[in-house]
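Working through the structure, step by step
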Amino acid sequence: MLNKESPLKQYLLPLVLVAVAIGVTVWMTSLGQVGLYFVATPGQLLKATVVHIKLVVAAEILAILIGISLGFVTSRPKLKFVSPFIIGFVNIGQTIPTLAAIAILGIILGFGFLAGVIVLFVYATLPIVRNTHAGIKSVDPSIKEAGRGMGMTLSQVTQRVELPLALPVIMAGIRTSTVINVGTAAVAGMVGAGGLGEVITMGIAVRHMELVIQGAALTAALSILLDALLAGLESWMTPRGLKVAKAAAGVL
Amino acid sequence: MIEFEQVTKVYPDGTEAVKKVTFKVEKGETCILLGPSGCGKTTLMKMVNRLIPITSGKILIEGVDNTKLNEVELRRGMGYAIQDIGLFPHITVAENVVTVPNLLGWPKAKKRQRAAELVELVGMDPVEVMDKYPAELSGGQCQRIGVARCLGADPPILLMDEPFGAIDPITRERLQDEFLKIQSKIKKTIVFVTHDINEAIKIGDKIALLKEGELVQYDTPAALLSKPKNDFVAAFVGADRALKGLRLTKVEEVMRTSPPMVKVDEDLAVVNRRMEEAGTKWLMVVGDDRKFLGWVGKSYLEKSDRLKDIIIPPAATATRSTILSDALSLMLSSVIGNLAIVDDNGLLEGELVFDDLYKALRRINVE
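What you are looking at is a predicted structure, and each value in this text was computed from that prediction instead of being measured.

Re the overall build of chain A
- Each helix and strand in chain A was counted, giving ten helices and zero strands.
- Its C-alpha atoms give chain A principal-axis dimensions of roughly 75 × 50 × 25 Å.
- With 252 residues in all, chain A has 40% of them scored as buried.

As for the confidence of the model for chain B
- Residues at a pLDDT of 70 or more form 99% of chain B, whose mean pLDDT is 88.
- If you check the scores for this complex, the pTM reads 0.76 and the ipTM reads 0.77.

Some remarks on the nonpolar core
- Leu 120 of chain A together with Val 191 and Ala 208 of chain B are the most contacted members of the largest nonpolar core, which has 129 residues in total.
- For this core, the leading source of residues is helix α5 (residues 113-137) of chain A, giving 13 residues.
- Core analysis: the next-biggest nonpolar cluster, separate from the first, contains 24 residues, Leu 293, Val 296, Ile 310 and Ala 340 of chain B among them.

Here we look at the sheet that holds strand β16 (residues 348-352) of chain B
Residues and elements named next belong to chain B.
- Judged by pairing direction, the sheet is mixed, and its three strands sit side by side in the order β14-β15-β16 without closing on themselves. Either end of the sheet is taken by a strand with one partner, and the two such strands are β14 (317-318) and β16.
- Pairing analysis gives two bridges linking β14 to strand β15 (residues 339-342), with the strands arranged parallel. In the sheet register, Thr 317 faces β15, and the bridge partner there is Ala 340.
- In the packing of helix α14 (residues 324-332) onto the sheet, the strands contacted are β14, β15 and β16, and the crossing angle to β15 comes to about 130°.

Regarding the sheet that holds strand β9 (residues 206-211) of chain B
Residue and element names in this part refer to chain B.
- Taken together, the six strands give an open sheet; going across it, the order is β6-β7-β8-β3-β9-β10, and neighbouring strands pair in mixed fashion. Edge positions in the open sheet fall to β6 (78-81) and β10 (214-219), since each of these has one partner strand only. Across the sheet, the mean angle separating the axes of adjacent strands is 15° when strand polarity is ignored.

Quick word on the interface of chain B and chain A
- Listed by partner, the interface residues are 20 residues for chain B and 20 residues for chain A.
- Where the side of chain B that touches chain A is concerned, the elements lending two or more residues are α2 (71-76) and α4 (99-103) of chain B.
- Of the residues contributing to the side of chain B that touches chain A, the split by class is eleven nonpolar, five polar and four charged.

Examining the domain arrangement of chain B
Residues and elements named next belong to chain B.
- When its domains are assigned, chain B resolves into domain 1 (2-248) and domain 2 (252-365).
- For domain 1 versus domain 2, the separation of C-alpha centres amounts to 42 Å.
- Counting residues at the interface gives six residues for domain 1 and seven residues for domain 2.
- Only α10 (221-226) and α12 (241-246) provide two or more residues apiece to the side of domain 1 that touches domain 2.
- With three residues, the top contributor of residues to the side of domain 1 that touches domain 2 is α12.

Scoring rules and cut-offs
Residues numbered from 1 in each chain as written. Chains lettered and ligands numbered in written order. Predicted model: local features only at pLDDT ≥ 70, side-chain atom pairs only at ≥ 80, totals over all residues. Helix = DSSP H or I, 4+ residues; strand = E, 2+ residues; numbered from the N terminus. Buried ≥ 20, exposed ≤ 12 C-beta atoms within 10 Å, placed from the backbone. pLDDT = per-residue confidence, 0-100. Core = buried A, V, L, I, M, F, W, Y, C linked by C-beta atoms within 7 Å. Pairing = 2+ DSSP bridges. Contact = placed C-beta atoms within 7 Å. Axes fitted to C-alpha atoms, helices over the stretch in contact; angles between N-to-C directions. Nonpolar A, V, L, I, M, F, W, Y, C, P; charged D, E, K, R; others polar. Domains from an automatic or database assignment.

In structure tokens, the structure reads:
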């Protein structure tokens, strides 16, 4: 009855893509031994990848904490007056080009890892705020009223009704945010934050496409891998009843 | 017992939703809040569990002003069922049913047992549905679970806002019948909101008819039908209120308890004489133990010389507790104008004569 996608089908495409991206990287890296090509060594690539992941994870953790809180606050009826400001800010924030924001923040905060984390954090927060807000707002008011009417306190309504029902939407926000984050982190290489962006930037600067390909392919692999991982997490965290409801709605 | 004293609700924008409403719901009674949409019936109900704060006046629950009670405890002590059902989609049927016991911290085994009891009470198979999710149930099944959920912690008072609103008429009738059966067992004090006059008549002990926030009439269904206070009430209960009244009267109130009858071994001449005495063309035939066997007609008397051979078996019989509207349609479906009233074992208890039914109908109309 449960319209479940087989794990193979769900993960096959991401796996193939990741394999291709890593294959390209390995091929490019192996060209370094020929001597004609200017490429990063496996050690340098590994280091850059680790820094890249650190950037993304640090920014994402901050973004999840702040994003969910802001999204939750804006969904409270009593705090309705602040929500247009926050949501407005979030929407405008997303229209500012990444590069411009990075340049400006770089000037203010100095170029480095910290500036990178802050830029990433700001961008990563936006989808989480929006999805948390939308997810909680989309909970059927009659379900909340049933909870209140049966004697749930406000915080019980939040914990037992609103958050579980909004969870899939919040998780989708986190997933989007993480994927954007991996890409933005590559741009953050320009402000000296390190990571795979640095490899790409250097490749452009010295006009060696091999370097650019190494950095870009690894960034792509990382992004696809995290997306698939979070998709699995999202499905694992979604209450079973909601999956059943979704399957039933799909059948009808 | 719930007492409404001068209950008034004025919304911040100045709309008066409920105006000085005063009445009393006795313990174990089902009180229907009835009226057209926008009459304030739901607002009035929601002031009982304080989902909507009262502007002025008082609502006393067992003599205690409900604003003096803790809001959350007040609500946990009352069942609450709403039109949209509002089942939690992310948890199972069993978990839904024991929402309030869960809030009250009952032990797990007790909750499970209670859930099974309640699912069974509302006419479903616990084994089959307890571990399903609401999305796997039909609309009617969800309504049942909604009712089961409001009974969760066995509260003495139930608040129900059109709990059978969102389903087809046939399922609704069936749920109403079951509701009556359940209520006769559990005897809760119920405040039940509906805009359906037929539902109100069928399940209410008392009906509070509201119009634009004011209580127009508070009476038993019979009184509301037979003595509408004004034109609004008369119009609301409908021009066919006499026919509706037939649903309120039971056979036992109008039946004849010692109808003319003959024993099955009686001589045909005696039968003929008995018919002439009673001035009727049909007689009921009973066995030795007063068991109802059927009818004998005057025009059949010549066809045989034994009564046994000319008995016409009954097409339909009714019992004391059959409502008159059902009795009427049974009568109309049989060639014999009258209806035999039997008990559960088929023993004859009386006869329902069309004339008497007609008189009852007139009485509702005239009063």
